[in-house]
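# Structural characterization, general
Each chain, written out:
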Amino acid sequence: LPFAVTVASSTNNHSTMEFISSLSASLDRLTGYENTIVYLAVSIICIIGFSYFNAPPPPPPPSEEDEKSPPKPRNFTLSQLRKFDGTKDEKTNECKPLYLSLGGIVFDVSLGSDFYGPGGPYAIFAGRECGVALAKMSFDEKDLDDVTGALENLSYADRMELEGWVEKFTYYRPYDVVGRLVPTEEIPSRDRVISREEMAKNDGTSEDIPDGYAVAPIYVALSSKVFDVSFGGVEFYGVGGAYHRFAGKDASRALAKMSFDPKETEYPVQTQDLTEKEKKILNDWIVTFEEKKGYPIVGILEEEKK
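Residues numbered from 1 in each chain as written. Predicted model: local features only at pLDDT ≥ 70, side-chain atom pairs only at ≥ 80, totals over all residues. Heavy atoms only, no water.

## Some remarks on the sheet that holds strand β9 (residues 297-301)
Defined as follows: By this definition, two strands are paired if DSSP reports at least two bridges between them. Helix numbers and strand numbers start at the N terminus; a helix is a DSSP run of H or I with at least 4 residues, a strand a run of E with at least 2.
Strand order in the open sheet formed by 5 strands is β5-β9-β7-β6-β8, with mixed pairing between adjacent strands. Each edge of the open sheet is held by one strand with a lone partner, namely β5 (193-194) and β8 (249-250).

Take a look at the structure:
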């Protein structure tokens, strides 16, 4: 048996050598040069070696910056949402994030700026509630910013179309959900009186999130005005934020004095003895809350009982 294997192996080797000799002779006749097969083999080896040693290095593992998590969910008013339209910020000279809302669900569609950004075919939807418009495939202004209509007034077919858009944005793009757009009529009246007890409950720690909200309300009072800073201030005033100590409290005196001393937020909070400079600082905070940040005023802090 070993002899038979040896004979078979020798026969195979002889056949291989005959094939190579035949191939070499054919190549020589074709090119007019001798030993063409040797040059061809050397060329192939050189090409493989060059490709191996000059191949681009593998990409580095993603850094923490590449894996930035989306911002914490927040609540939006219509006026706040309008600012996220992908246009260039005059202060930073950088493009603003690009958000849109579908039935109250706010998506970051910055990755789709070719479609929703300035000059794109769907630019009209940037910074808008467009659930009704997309459900009806309408570019009519009257179908924009209608949160209630998107939630309650659509036909069955349009409702299915809207759900299809939400599914597409959530699972097939996918675009990050960054919060909820709260209809104006669902935001508490700025004229209602808010007790100290209600203030304290709305400190951002409650798990009781109102319908249509992304996060629980976070109340901060300044000069009797109560602002809901869950509309954009979660990172600062929410749990773990640098200013969380002011959540659910009257921060008038503390912010006027730029103080983190807990005594400055103890009831009753006094502001009559503030200096002119401190009063100006307090007014600047109010302007920032009301105009620059657009935090909605949800009531008036109950006056101290004498």
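## Considerations on the confidence of the model for the protein chain
Residues shown with low pLDDT carry predicted positions that ought not to be read at fine detail. Stated formally: pLDDT is defined as a per-residue confidence score from the predictor, taking values between 0 and 100. We call two residues in contact whenever any of their non-hydrogen atoms come within 4.5 Å of each other.
This prediction gives the protein chain a mean pLDDT of 85; 78% of its residues lie at or above 70. A low-confidence stretch, residues 1-9 stays under pLDDT 50, and its non-local contacts, those more than four residues away or across chains, total 0 contacts. Confidence over residues 52-67 falls short of pLDDT 50; this stretch has 1 contact with residues more than four positions distant or in other chains.

## Quick look at the packing of aromatic side chains
To keep things clear, this is the line we draw: Centres within 6.5 Å make a pair out of two Phe, Tyr or Trp rings, where for Trp the six-membered ring is used; the pair is then stacked when the planes are under 30 degrees apart, edge-to-face when over 60, and tilted otherwise. Burial classes: relative accessible area under 20% of the type maximum marks a residue as buried, over 50% as exposed, and values in between as partly exposed (1.4 Å probe, protein chains only).
Under the criterion given, the structure shown has 22 aromatic pairs. Measuring from centroid to centroid gives 5.9 Å for F76 and Y99, while their planes differ by 90 degrees, and the two rings are edge-to-face. Of the two residues, F76 is situated in strand β1 (residues 74-76) and Y99 in strand β2 (residues 99-102); the sequence distance between them amounts to 23 residues. For the pair formed by F76 and Y99, the shared burial category is buried.

## Describing the side chain of S259
For the record, the criterion: Throughout this description, a polar contact denotes any pair of N or O atoms lying within 3.5 Å of each other; where both atoms belong to protein, one of them has to be capable of donating a hydrogen while the other can accept it, and for residues adjacent in sequence the pair is counted only when both atoms sit in side chains.
Residue position: S259 is located in the loop between α10 (252-256) and α11 (276-292). Of the polar contacts made by the side chain of S259, one reaches the backbone nitrogen of D261; its length is 3.0 Å. For S259, the contacting residues outside a window of four places in its chain are F246, A254 and E264.

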